[in-house]
Amino acid sequence: KYPAIKALMRPDPHLKWTVTGMVLVQLLACWLVRGLAWRWLFFWAYAFGGCVNHSLTLAIHDISHNTAFGTGRAAHNRWFAIFANLPVGLPYAATFKKYHVDHHRYLGGDGLDVDIPTRFEGWLFCTPARKLLWLVLQPFFYALRPLCVHPKAMTRMELCNALVQLAADAAIYALWGLKPVVYLLAGSLLGLGLHPISGHFVAEHYMFLKGHETYSYYGPLNWITFNVGYHMEHHDFPSIPGCNLPLVRKIAPEYYDHLPQHHSWVKVLWDFVFDDSLGPFARVKRVCKLAENRL
């Protein structure tokens, strides 16, 4: 109906420069925090570093769809994602790419889509206090869940990711000591845990309304998260970079404006914790033959 949407399926010319600037900002922050007291280091890790590092993980999400250099230069995208990974402190980009393909291909697929919490998580984290703890520990569940739900052999790119990250962490430690390394790691763990930006983890696919499993958010936090809030649009057209997703809604509003949507990621977190009908179990699960046969 709208051929103009196909024209949006092109690389984001600004993405590589934005990400490079963010990496350099975090490198400058490492130099600035080297003499801070620990309490202030953790404050800035949450208030600033957590925002930047979480935003970089969402840049890596965008890059995993080849939006930095285009599908014809896939290797450039993979290596640039590893570069964007550097301030995160832990190797993440190559593994994310490997599993994120399944999230799009088998959305909600039990045993295939590792974005879905396990039965153990749904059983244990079922009270407000426990759900709050689950949000705090979210980075650990996202890191460990794939190993339990759908383990895959390590790839050469994952090994390269780990070696490059280890070398970067070692270089920062050698230059400025332990505090900058702690700042980066704390920023990632705090920023991906109980943090306003982390509302997108819950907002995207948890069933706040029965029958609706994917939601968009059109609020201001999209400005610092590469428009990840435009999630219905993203799943419809995953090859369109985040910078162009608002145009999808603008071109075809009748497909999106009437759908349920979120207006605040902070409210999403509040509702998730205190609404008894929500929790790690509030996800659509589908049985896929591929998962049954383990092909």
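Residues numbered from 1 in each chain as written. Predicted model: local features only at pLDDT ≥ 70, side-chain atom pairs only at ≥ 80, totals over all residues. Heavy atoms only, no water.

Side note on the overall build of the chain
Within the chain, the secondary structure is distributed over 14 helices and 2 strands. In terms of overall dimensions, the chain is globule-like: its C-alpha atoms have a radius of gyration of 19 Å, near the 19 Å expected for 295 residues. Per-residue burial over the chain gives 48% buried out of 295 residues. By sequence separation, contacts in the chain at least 24 residues apart represent 75% of the contacts at least 6 residues apart. Element-wise, carbon and sulfur atoms account for 69% of the exposed surface of the chain, whose accessible area totals about 14,600 Å². The chain carries 27 positive and 19 negative side-chain charges, and their two centres are separated by 5 Å. (Helix = DSSP H or I, 4+ residues; strand = E, 2+ residues; numbered from the N terminus. Rg over C-alpha atoms; globule rule 2.2 N^0.38 Å. Buried < 20%, exposed > 50% of the residue type's maximum accessible area, 1.4 Å probe, protein only. Contact = heavy atoms within 4.5 Å. Areas by Shrake-Rupley, 256 points an atom, 1.4 Å probe, with all protein chains shown as cover. Lys, Arg positive; Asp, Glu negative; His and termini not counted. Charge placed at Lys NZ, Arg CZ, Asp CG, Glu CD.)

A closer look at the UniProt feature "domain: Fatty acid desaturase" (unreviewed entry) in the chain
Residues annotated by UniProt as "domain: Fatty acid desaturase" (unreviewed entry) correspond here to residues 39–262. Along residues 39–262, the helical share is 59% and the strand share 2%, with 34 Å between the first and last C-alpha atoms. (UniProt positions renumbered as here; feature names shortened; annotations may be inferred.)

Overview of helix α13 (residues 265–274)
Within the span of α13, buried status applies to Trp265, Val268, Leu269, Phe272 and Val273. The buried side chains of α13 occupy one side of the element, clustering within an arc of 125° when seen end-on. For α13, the elements touching its buried residues are α6 (128–136), α10 (199–205), β1 (216–217) and β2 (261–262). Sitting at the head of α13, serine 264 places a side-chain oxygen 3.3 Å from the backbone nitrogen of valine 266. (Arc of directions from axis to C-beta. Polar contact = N/O pair within 3.5 Å; in protein donor to acceptor, adjacent residues only side chain to side chain.)

A word on the environment of valine 266
When you line up the elements, valine 266 lands in helix α13. Along the primary structure valine 266 and alanine 4 are separated by 262 residues, whereas in three dimensions their C-alpha atoms are 34 Å apart.

With respect to the packing of helix α2 (residues 38–63) against helix α3 (residues 74–85)
Where α2 meets α3, the axes come as close as 9 Å, and the angle between the chain directions of the two elements is 175°. Accordingly, the angle class assigned to the pair α2 and α3 is roughly antiparallel. Along the contact surface, α2 presents Leu56, Ile60 and Ile63, while α3 presents Asn77, Arg78, Phe80, Ala81, Ala84 and Asn85. By residue class, the composition of the contact of α2 with α3 is 6 nonpolar, 2 polar and 1 charged. (Axes fitted to C-alpha atoms, helices over the stretch in contact; angles between N-to-C directions. Parallel < 35°, antiparallel > 145°, perpendicular 65-115°, else oblique. Nonpolar A, V, L, I, M, F, W, Y, C, P; charged D, E, K, R; others polar.)

Some thoughts on the UniProt feature "transmembrane region" (unreviewed entry) in the chain
Following the UniProt record, the feature "transmembrane region" (unreviewed entry) maps to residues 15–33, 40–59, 79–96 and 182–203 here. Along residues 15–33 the backbone is 100% helical and 0% strand, and the end-to-end C-alpha distance reaches 27 Å. Regarding residues 40–59, the helix share stands at 100% and the strand share at 0%, and the terminal C-alpha atoms are separated by 27 Å.

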